[in-house]
Amino acid sequence: MSDFDYDLLVIGAGPGGYVAAIRGAQLGLKTACVEGRATLGGTCLNVGCIPSKALLHASEYFEAAKNGTMASMGIKVTPELDLDAMQGQRLDSVKGLTAGIEYLFKKNKVEWLKGYATFSDKNSVTVDGKTYRAKNILIATGSSVTPLPGVDVDNEAGIIVDSTGALELAKVPDHLVVIGGGVIGLELGSVWRRLGAKVTVVEYLDQILPGMDGDVRKEANKIFKKQGVEFKLSTKVTGAEVKDGKAVLTLEPAAGGEASTLEADVVLVAIGRKPNTDGLGLDKAGLTTNQRGQIETDHDFSTAVHGIWAIGDVVPGPMLAHKAEDEGIACAENIAGLTGIVNHDVIPSVVYTYPEIAGVGLTEEAAKERGAIKVGKFPMMANSRAKTNHEPDGFVKVIADAETDRVLGVWAIATVAGTMIGQAAQAMEFGATSEDIAYTCHAHPTHSEAIKEAAMAVTGKPIHI
Ligand code: FAD
Ligand code: NAI
C-alpha cells in the first residue's frame, strides 16, 4: 500500500489551486486541497476579481443614469443609490461562485482539508494539528496586500483601508485618496467616484499603470482626468495620521523636496501585492524564496525540491487569476505525467474601468527594443458600433514585426476591450501576422472591427479613417 495519503495535495484554493486540484482529480490523482478561508475561491472569488467587478458593473449603471448617458439615449431617470442593496448583490455573487467551487470539489472528489497548512517535511504538511503525506505538494498560496510603512491599514475602522476594506465601505466617502495608480487603485477608485466620491490618486511614478503600453497609459490618464479623477503623479506618501475620523497624509515629490499634506475621508492603499509564504514552513521542505519573496519554478512548475510544485501569485509573473488558472491546469497535467505548458508571452491583462483597458504581448516600447516594428492604430471614435453606443473614447493598436509581420502585441482602450483582447491573444497564440487579422472577417457592427482596422493600419490601409 502507498505510504502517501494523497497523490496530490494542493495548498490554497484560489483560481490556481482549485483549478489544479480539479484537473488533478479529473486525471485520476487522489487529491486534497487545503484552504484556511471559510469559503473556496481564494482572493479572486472572495475579495478580488469577482466582488470588484460586481461593484464596477453596478456603479457603471448608476453613473450612466446620473451623468446623462441614459438621457442622451432617451431614457430619463433620476437614480437613487441604495448602497446596501448594491453591496448585497456583490455578496450574492461571491456566495454563489464560492459555493460553486465547493460543488465542483464534491463532484470531482477533491477533498477540502480546512485550515492552514505548514510543511513538516518535503512530503508532509500539518493542517489543524493533523499531518498528511502526499507524493506531490503544490503551493498555490497566492498573495496579499503590500503594506506601506507609516500608513497603517485598519479595515474595521474604515478610514485607511486596503482593497478588501475598499470593497466593503458602508458609505460613499466625500474624498477618497488612493495611494497607487495601478489596477486596483483605478478600478476601485472608479467605483467610488461613480457613486459620488471625489477621488485623488497619488502615484509614485510619472505615469499611471506601469507595465502597460506608453500610449495606453497616457490616453488612460487623459480619460480618467476627464471623468473627474485628480492625479498627483511623481508623488510619494510618507505617512498618515488619523484624526477626528479623517486621515491626513504626508506627501513628498518622488524626486525629493518639500512635503505637503492631504486630507481624506478614506484612504485606499493599493501599492501592489506580495507572495504568501509566511508561516508555510518552507525551510522544513528545503525550499527558499527569491529576493522578491517568490518561489522560483522551472517551466513545468516544479520547484528546486523534487515533488514540490508552485503556481499563481506565489511564483514570478503577472498576478492574474487567468495566469494562475492556466498554470494550475498545466502543473496538474505535468504531475499526472502529461505535458502541460503555459505560454507566458501571451497572457492578456485587463483593467475593468470605463472604458476598459487591455493588452496582450509586448508594449510598443519593449517591441522596439527587440527590433524593427510596424504599428497600426485605429480610434474607437471611427468604429461604428462604439460611436452608435456613445462610447467614443479609446483606440486599438496592433504592433507587428517589421520583417515577418508577426503580431507582437495588441493594446486596446474600449468599453469592451477585455472581451476584444481574447481574439488578439488567440491570434498571437497561433502565430498570426497583422495580415491574418486584417483578412479575417469580423461581424459588423462590433467593437472588434477596430482590431481588424488597426491590423489593416499596420500596412497603412484602414478603411474608416
Ligand atoms: P489566491 O487567489 O490568493 O489564493 C490563495 C489561497 O491560498 C487563499 O485563499 C489563501 O487563503 C490560501 N492560503 C494561503 N496560505 C495558505 C496555507 N498555508 N494553507 C492553506 N491555505 C492557504 N486578477 C484578474 O485576473 N482579474 C481581475 O479582475 C482581478 N481583480 C482583482 C481585484 C482585487 C481587488 C484583487 C486584490 C486582486 C485581483 N486580481 C484579479 C488578482 C487575482 O485575484 C489573483 O491574481 C489570483 O487570485 C491569484 O490566484 P492564486 O490561486 O495564485 O492565489
Ligand atoms: P499595481 O502594481 O498594479 O500598482 C501599484 C501602483 O502603486 C504602481 O503604479 C506603483 O508605482 C505605485 N506605488 C508603489 N508604491 C507607492 C507609493 N509609496 N506611493 C505611491 N504610489 C506607489 O498594484 P495593485 O493595484 O495594488 O494591484 C495588485 C495586483 O493585483 C496587480 O499586480 C494586478 O495584477 C492584480 N489585480 C488585477 C486586476 C485585473 O486584472 N483587472 C484588478 C486588480 C488587481
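Everything numeric in this text was worked out from a predicted model, so none of it was measured.

A few points about the site of ligand 1
Near ligand 1 there are 38 residues, and of these Glu35, Thr43, Lys53, Ala117 and Ala321 occur at the shortest range. Here an oxygen atom of ligand 1 sits 2.6 Å away from a polar atom, N or O, in the side chain of Lys53. Here ligand 1, which alone exposes 1,000 Å², has 92% of that area covered by the protein. Put simply, the parts of the chain that give the shell around ligand 1 at least two residues each are helix H1 (15–26), strand E2 (31–35), helix H2 (42–47), helix H3 (49–66) and helix H9 (321–335). No other element matches H2, which puts 4 residues into the shell around ligand 1. Looking at the shell around ligand 1 residue by residue, the classes come out as 17 nonpolar, 16 polar and 5 charged.

Let's talk about the site of ligand 2
Every one of the 22 residues lining ligand 2 counts as a neighbour, but Glu187, Glu203, Gly272, Met319 and Val350 are closest to it. Here Glu203 contributes a side-chain N or O atom positioned 2.6 Å from an oxygen atom of ligand 2. The separation between a nitrogen atom of ligand 2 and a polar main-chain atom of Tyr204 is 3.2 Å. Protein contacts shield 79% of the accessible area of ligand 2, which totals 840 Å² for the unbound molecule. Ranked by the residues each element gives to the shell around ligand 2, the list is headed by helix H6 (residues 183–194), at 3 residues.

A short note on the domain arrangement of the protein chain
Domain annotation of the protein chain identifies domain 1 (6–145 + 274–335), domain 2 (160–271) and domain 3 (349–457). The centre of domain 1, based on its C-alpha atoms, is set 27 Å off from the matching centre of domain 2. Carbon and sulfur atoms supply 61% of the area buried between domain 1 and domain 2, which totals about 1,500 Å² over both sides. Here domain 1 and domain 2 share 2 salt bridges between them. Between Arg193 and Glu63 there is a salt bridge whose closest N-O contact spans 2.7 Å. Summed over the shared surface of domain 1 and domain 2, the result is 8 residue pairs in polar contact (both at pLDDT 80 or more). Elements supplying a minimum of two residues to the side of domain 1 that touches domain 2: H3 and helix H4 (83–108). With 10 residues, H3 is the largest single contributor of residues to the side of domain 1 that touches domain 2. Along the lines of polarity and charge, the residues of the side of domain 1 that touches domain 2 split into 9 nonpolar, 3 polar and 5 charged.

Some words on helix H7 (residues 214–226)
Along its 13 residues, H7 runs 19 Å from first to last C-alpha, staying within 8% of the 18 Å computed at 1.5 Å per residue. Looking only at H7, the buried set comprises Gly214, Val216, Arg217, Ala220, Asn221, Ile223 and Phe224. Contact partners of the buried residues in H7: H6, strand E11 (230–232), strand E19 (356–361), helix H10 (364–370), strand E21 (395–401) and strand E22 (407–414). For H7, the capping residue at the N-terminal end is Asp213, with a side-chain oxygen 3.1 Å from the backbone nitrogen of Asp215. Residue Gly228 follows H7 closely and has a positive phi angle near 110°.

Thoughts on the sheet that holds E11
With respect to topology, 5 strands assemble into an open sheet ordered E8-E15-E9-E10-E11, the strand pairing being parallel. Among the strands making up the open sheet, the edge pair consists of strand E8 (160–161) and E11. The strands that H6 touches are strand E9 (175–179), strand E10 (198–202), E11 and strand E15 (266–269); relative to E9, the one it contacts most, it runs at about 175°.

With respect to the environment of Ser302
Tracing the backbone shows Ser302 in the loop between helix H8 (282–285) and strand E17 (308–310). Between the C-alpha atoms of Ser302 and Ile335, which are 33 residues apart in sequence, the distance is 9.1 Å. Setting aside anything within four residues of it in sequence, one finds Ser302 in contact with Glu296, Thr297, Ile308 and Trp309. Polar side-chain contacts of Ser302 include one of 2.6 Å to the side chain of Asp300.

Some points on the environment of Asn343
Its place among the elements puts Asn343 in the loop between H9 and strand E18 (349–351). Taking the relative accessible area as the measure of exposure, Asn343 reaches 29% and is therefore partly exposed. Distance from Asn343 to Asp244, taken between C-alpha atoms, is 51 Å for residues 99 residues apart in sequence.

Side note on the pairing of strand E14 (residues 260–264)
With 5 bridges connecting them, strand E13 (residues 246–253) and E14 associate as antiparallel partners. Note that in E14 the partner of Val248 across the bridge is Glu263. As consecutive antiparallel partners, E13 and E14 are separated by 6 residues, and within that stretch Gly256 has a phi angle of approximately 95°, a positive value.

What about the sheet that holds E13?
Strand pairing within a sheet occurs via backbone hydrogen bonds; the two strands may be parallel or antiparallel. The sheet built from 3 strands is open, its strands ordered E12-E13-E14 with antiparallel pairing. With partners counted over all chains shown, the strands left at the sheet margins are strand E12 (235–243) and E14, one partner each. Each neighbouring strand pair of the sheet contributes to a mean axis angle of 25°, computed without reference to strand direction.

Notes on the pattern of salt bridges
Per the stated rule, a full pass over the model turns up 17 salt bridges. Measuring nitrogen to oxygen at the nearest pair gives 2.9 Å for the salt bridge that ties Glu230 to Lys198. One end of the pair, Glu230, is in strand E11; the other, Lys198, is in strand E10, and 32 residues separate them in sequence. For Lys198, a relative accessible area of 41% corresponds to the partly exposed category.

Rules used in this analysis
Residues numbered from 1 in each chain as written. Chains lettered and ligands numbered in written order. Predicted model: local features only at pLDDT ≥ 70, side-chain atom pairs only at ≥ 80, totals over all residues. Heavy atoms only, no water. Near = heavy atom within 4 Å. Polar contact = N/O pair within 3.5 Å; in protein donor to acceptor, adjacent residues only side chain to side chain. Areas by Shrake-Rupley, 256 points an atom, 1.4 Å probe, with all protein chains shown as cover. Helix = DSSP H or I, 4+ residues; strand = E, 2+ residues; numbered from the N terminus. Nonpolar A, V, L, I, M, F, W, Y, C, P; charged D, E, K, R; others polar. Domains from an automatic or database assignment. Buried area = accessible area lost by both parts, 1.4 Å probe. Salt bridge = Lys/Arg side-chain N within 4 Å of Asp/Glu carboxyl O. Expected span 1.5 Å × (residues − 1). Buried < 20%, exposed > 50% of the residue type's maximum accessible area, 1.4 Å probe, protein only. Contact = heavy atoms within 4.5 Å. Pairing = 2+ DSSP bridges. Axes fitted to C-alpha atoms, helices over the stretch in contact; angles between N-to-C directions.

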